[in-house]
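Results of the structural survey
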Amino acid sequence: SSGINAEYGLERKGTTAADRIRSLQELQANLSLARKYFSLGKSVVQLRSAAVSIHLNDPVLRYTLTLSRISQALQLLCDNLYLFSRLGLLPRGGDDYTTTLSSTSSKLWLYCDLLNLLRLCYELRKEFCVVRERHEMDERSGCAVSTCRDVVSRRPELISSLVAVVADVWLPLNSCGVVDVSPGVVGMCGMLSSLLSARDLWRKCQKEY
């Protein structure tokens with residue numbers, strides 16, 4: 001009897017775990033579709049931003065910002081085509097067509113995230129150099145802890161954006177098959193990235209108004 005109960009308990013536990021994984025996968029698919037809805041028309045905004053950043057004096061910022069914005073514009077275009085195809089607004093090209101759109105979108109997303117990661121690390125390095133120079137001018141020791149604290153206080157949005165990109169980059173890495181992470185990790189990374197991005201956007205709106 002105890003053996004039967006143990007077997008039933010394991011079976012029930014396995015079913016519960018499978019249901020949780022299925023629920024997380026459905027949540028991930030719904031969030032992905034929601035992102036495609038909200039990105040309608042945003043590709044034009046990214047192309048306009050790329051036309052502005054191409055004139056920046058700093059070559060690293062000029063190329064990383066411009067290329068990342070162009071990549072995001074193309075990624076959003078793929079997402080929009082995929083969405084229109086799902087809604088029946090465009091003729092369906094079959095499973096191969098939608099698979100190609102989804103794969104291309106993931107690759108462009110990964111390329112954009114890597115460029116943003118490179119840009120943020122470059123900006124962070126510049127901030128560290130500025131803080132060290134100030135410490136030297138003030139004749140302070142400038143230990144690593146105080147330097148990091150000053151950088152965070154000077155550019156909190158930079159640190160927040162860096163954490164958001166680090167969390168976000170796992171999503172296209174997983175979609176492209178570069179890494180294999182669980183749906184729970186993918187969901188947590190996506191939620192963290194979305195929350196930090198929304199927080200930065202809210203702070204930006206507060207400063208403007």
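Reading the values: rules and limits
- Residues numbered from 1 in each chain as written.
- Predicted model: local features only at pLDDT ≥ 70, side-chain atom pairs only at ≥ 80, totals over all residues.
- Heavy atoms only, no water.
- Phe/Tyr/Trp six-rings, centres within 6.5 Å; stacked < 30°, edge-to-face > 60°.
- Lys NZ or Arg CZ within 6 Å of the ring centre and 35° of its normal.
- Salt bridge = Lys/Arg side-chain N within 4 Å of Asp/Glu carboxyl O.
- Helix = DSSP H or I, 4+ residues; strand = E, 2+ residues; numbered from the N terminus.
- Buried < 20%, exposed > 50% of the residue type's maximum accessible area, 1.4 Å probe, protein only.
- Axes fitted to C-alpha atoms, helices over the stretch in contact; angles between N-to-C directions.
- Parallel < 35°, antiparallel > 145°, perpendicular 65-115°, else oblique.
- Left-handed = near helix turned anticlockwise from the far one by under 90°.
- Contact = heavy atoms within 4.5 Å.
- pLDDT = per-residue confidence, 0-100.
- Expected span 1.5 Å × (residues − 1).
- Arc of directions from axis to C-beta.

Points about the packing of aromatic side chains
In the structure shown here, the tally under the stated rule is zero aromatic pairs. It is Arg62 that lies over the ring of Tyr63; its NZ or CZ is 5.0 Å from the centre.

Structural notes on the pattern of salt bridges
Applying the stated criterion across every chain yields a total of six salt bridges. Ionic pairing is found between Glu123 and Arg119, a salt bridge with its closest N-O pair at 2.9 Å. Of this pair, Glu123 and Arg119 both sit in helix α4 (residues 95-137), four residues apart, which is roughly one turn of the helix. A relative accessible area of 16% means that Glu123 is categorised as buried. Across the salt bridge formed by Arg154 and Glu127, the nearest N and O atoms sit 2.9 Å from each other. Here Glu127 lies in helix α4 and Arg154 lies in helix α5 (residues 144-154), a separation of 27 residues in the sequence. Residues joined in a network through salt bridges with shared partners are Arg119, Glu123, Glu127, Arg154, Arg155 and Glu157.

Some points on the packing of helix α2 (residues 42-53) against helix α3 (residues 59-87)
Close contact between α2 and α3 brings their axes to 8 Å; oriented N to C, the two are set at 165°. Here α2 lies roughly antiparallel to α3, going by the angle between them. Considering how the two elements wind past one another, α2 and α3 form a crossing that is left-handed. Residue-level contacts link Lys42, Ser43, Gln46, Leu47, Ser49, Ala50 and Ser53 of α2 to Arg62, Leu65, Thr66, Arg69, Ile70, Gln72, Ala73, Leu76, Leu77 and Asn80 of α3.

Topic: the confidence of the model for the protein
A residue-level look at the protein finds 72% of positions with pLDDT of 70 or above and a mean pLDDT of 79. Note that residues 1-13 has pLDDT below 50 and, in this model, zero contacts with residues that lie over four places away or in other chains.

A word on α2
One turn of the α-helix equals 3.6 residues, which is why residues spaced by three or four share an orientation. Over its twelve residues, α2 runs 17 Å from end to end, which matches the ideal 16 Å to within 8%, given 1.5 Å per residue. For α2, the full list of buried residues reads Ser43, Gln46, Ala50 and Ser53. Looking straight down α2, one finds that the buried residues subtend no more than 80° of arc, so they occupy a single side. Residues Arg48 and Val52 are exposed on α2 and point more than 90 degrees away from its buried face. Buried residues along α2 sit against α3.

A short note on the environment of Ala164
Of note, Ala164 is situated in helix α6 (residues 156-168). Given a relative accessible area of 6%, Ala164 falls into the buried group. Along the chain, Ala164 and Ser197 lie 33 residues apart, while their C-alpha atoms are 6.8 Å from each other. In this view, Ala164 contacts Ser193, Leu196 and Ser197; residues no more than four positions away in its chain are not counted.

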